[in-house]
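Tertiary structure, described
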Amino acid sequence: QVQLVESGGGLVQAGGSLRLSCAASGLTFSTYAMGWFRQAPGKEREFVTTIRRGGSTVYADSVKGRFTISRDNAKNTVYLQMNSLKPEDTAVYYCAARSGNFPDYDYWGQGTQVTVSS
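Read on for an overview of the structure. From a predicted model like this one, the values you see are computed outputs, not experimental measurements. (Residues numbered from 1 in each chain as written. Predicted model: local features only at pLDDT ≥ 70, side-chain atom pairs only at ≥ 80, totals over all residues. Heavy atoms only, no water.)

Quick notes on the overall build of the protein chain
Helix and strand counts for the protein chain stand at zero helices and eleven strands. For the protein chain, the N- to C-terminal ordering of α and β elements is β-β-β-β-β-β-β-β-β-β-β. For 118 residues, the compact-globule estimate of 2.2 N^0.38 gives 13 Å, and the protein chain sits close to it at 13 Å. A principal-axis box enclosing the C-alpha atoms of the protein chain has dimensions of 40 × 25 × 25 Å. (Helix = DSSP H or I, 4+ residues; strand = E, 2+ residues; numbered from the N terminus. Rg over C-alpha atoms; globule rule 2.2 N^0.38 Å.)

Some words on the pattern of salt bridges
Evaluation of the coordinates by the stated rule reveals four salt bridges. Where Glu 46 meets Arg 38, a salt bridge forms, and the shortest distance between an N and an O atom there is 2.6 Å. A relative accessible area of 35% places Glu 46 in the partly exposed class. Residue Asp 61 pairs with Lys 64 through a salt bridge whose shortest N-O separation is 3.0 Å. Lys 64 matches Asp 61 in its accessibility class, with the two residues each being exposed. Taken together, the salt bridges that share partners define one network made up of Arg 38, Glu 46, Arg 66 and Asp 89. (Salt bridge = Lys/Arg side-chain N within 4 Å of Asp/Glu carboxyl O. Buried < 20%, exposed > 50% of the residue type's maximum accessible area, 1.4 Å probe, protein only.)

Some points on the state of the cysteines
Applying the stated rule across the entire model yields one disulfide. Note on cysteine connectivity: Cys 22 is disulfide-linked to Cys 95, with sulfurs 1.9 Å apart. Within this pair, whereas Cys 22 is found in strand S3 (residues 18-25), its partner Cys 95 is found in strand S9 (residues 91-98), the two being separated by 73 residues in sequence. Across the pair, exposure class does not vary: Cys 22 and Cys 95 are buried alike. (Disulfide = S-S within 2.5 Å.)

Nothing here speaks to function; it is geometry throughout.
Here it is as structure tokens:
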């Protein structure tokens, strides 16, 4: 079965950096667009970024210039490099895989907690 497993979350001070990873299995990774979403306490899940099969990317305005998504098809892994972190970036971060059109994602990971202290 398909599994998406996130890692790399943790506690960091404002201004710091973290790199999240999402390892995929059970699917032909290179044929899927991948995305990162986040959900803060008491808020709805929101889009962060996506990387298409060809490598093009889209970012939410709130993270543009600070976050970078990348993928390694040989390792079936997508990454999220997060720099200049702010307390408002605190959330559970989820990766997701999409075979069709945005925003219909087929598979989701279990999430990893990112906490940014002020």
